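So you can see what is in the structure, the chains are spelled out below.
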Amino acid sequence: MALLKNQWLTFITGRVLVKAEGKGIERLINRLAQSGLIMWKVKKRKSGDVLFFIALPDLHKFRNAARKADCTITLIRGVGLPFIWKRAFKHSGFLVGIVLFFLIAFILSNVTWGIEIKGADPETEHKMRKELTQLGIKVGSFHLFSDKPDMIQQKLTEKIDNITWIGVELKGTTFHFSVVQKNDPKKPELKNPSHLVAKKKAVISSMFVEKGKSMVKVNQYVEKGQLLVSGMIGSEEKPKLVSATGEVWGITWYNTKVEFPLNSNFKVYTGQEIRRHYLVFGKLSLRLWGFKSVDFKQYETETIDHDLFFLGWKLPIVYSERTIRENEQMPRSLTKEEAIEEAKELARSDLENNIPPEARVDGEYILQQEVDNGKVKLSINFQVVENIAEERPIIQGD
């Protein structure tokens, strides 16, 4: 182990292979040993000369000791980093060319050279390319700093209405987009005979019957499952069965219970942040920029990783951006009236997630209101107008 350690040390500092020939070889070796100069791998050859290594830093000391020796000294070759650097500088032009080649190849491998879109009609493709340009994704852009494919997918789906699904994949230097567009469902020409019945209890507020016979009136209270529009028209002797169609809007009710604290803490960002840049090799991170120490009491770290490519191959190296943002907890105290308003907003938001998209809120009524353990507790009834009609097939005997 000590020999291996010394070999690595002399490789770093440099070592020289020396050949000594003549009558005074033994005297030379003894003199070198007495002066404390270390030699290793001493080998006497059949021709009578001797080969051995000395450390490069001891070369000046060796020359002084060898002057009075009755032998010929030849420095065969140098081994180690100092000599590698010397040869590298001698051929620096060649090395610079190699480095520039790999650098240019690396840069070009991380530039977007193609954008392919499949499954979209010309109008949708035009919209997509326009949105991609705004996202910084275009031919010639450096995709190292672009959003990740899943984030690109989310943004395109949100901004382009007629897309049901979009797949995003980066292969080499080309972005590939696979699009599934929305198709307006065609109404079936023939439908089985059916009634329209109430899907929940309500008070009828308005009706529009396109086909069928109305069985209820405006302001009438109906129970769940009650017949609203009959699919049996014509005379009783010779009834005709049709698929009842139309809309029956009714007033329905939703109850929501919410709590909201009078005193609470909420997180705010101070605007102070530190940006750091890393090269990540597996579990090893090499920081490239951002050496300022973090002296924030509270903070959050946002990490964005970018894959690196070389000649179309994904490298096992990741360029990572990390933003450290300072935040602090701010106390908030509300009056009873303010807490009630916040609770109402929370209840309305909860209601929006539980009613059909086409429904509208027609009124709200507080049934119960109290302050308990530092919290405002509300029970609210919301009056909602929605389409309560749903189809029910006509079964023989109805």
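Here the structure is shown first, and the text comes after it.
What comes next concerns the included structure.

About the criteria used
- Throughout, a residue's number is its position along its own chain's written sequence, starting from 1.
- Predicted model: local features are reported for residues with pLDDT of at least 70 only, side-chain atom pairs are reported and counted for 80 or more only, and whole-chain, interface and lining totals are derived from all residues.
- As a rule here, side-chain values come from all non-hydrogen atoms in the structure, and water together with hydrogens is ignored.
- For two strands to be treated as a pair, DSSP must find at least two bridges joining them.
- The secondary structure listing takes helices from DSSP runs of H or I that are at least 4 residues long and strands from runs of E that are at least 2 residues long, numbered from the N terminus.
- Every axis in this analysis is a line fitted to C-alpha atoms, fitted for helices over the stretch in contact. Angles between the N-to-C directions lie between 0 and 180 degrees.

This brings us to the pairing of strand S16 (residues 263-281). In the sheet, S16 pairs with strand S19 (residues 313-333) via 15 bridges, with the strands oriented antiparallel. Paired with Tyr278 across the bridge in S19 is Ser320. From the end of S16 to the start of strand S17 (residues 284-289), which pair antiparallel, there are 2 residues, and Gly282 there has a positive phi angle of about 65 degrees.

With antiparallel pairing, 4 strands are arranged side by side in an open sheet as S2-S3-S1-S4. At either end of the open sheet lies a strand with only one pairing partner, and these are strand S2 (39-44) and strand S4 (72-79). Within the sheet, the average angular offset between the axes of one strand and its neighbour, ignoring direction, is 20 degrees. Two elements, strand S1 (residues 15-21) and strand S3 (residues 50-55), share 6 bridges in a ladder whose sense is antiparallel.

Let's shift gears to the sheet that holds strand S22 (residues 389-393). Note: strands within a sheet are paired through backbone hydrogen bonds, in either parallel or antiparallel orientation. With respect to topology, 4 strands assemble into an open sheet ordered S10-S12-S8-S22, the strand pairing being antiparallel. Each edge of the sheet is formed by a strand with only one pairing partner; in this case those strands are strand S10 (213-214) and S22. In this sheet, strand S12 (residues 227-230) lies alongside S10 in antiparallel orientation, the contact comprising 2 bridges. Each bridged residue has a counterpart across the sheet, and for Lys213 the counterpart in S12 is Ser230.

The pairing of strand S5 (residues 114-118) with strand S7 (residues 174-181) spans 5 bridges and is classified as parallel. Bridge pairing in S7 links Glu116 to His176. In terms of strand pairing, strand S6 (residues 163-171) meets S7 through 8 bridges, oriented antiparallel. By the bridge assignment for S7, Ile163 is matched with Gln181. Hairpin connection between S6 and S7: a loop of 2 residues separates the two successive antiparallel strands, and Gly172 in this loop has a positive phi of roughly 65 degrees.

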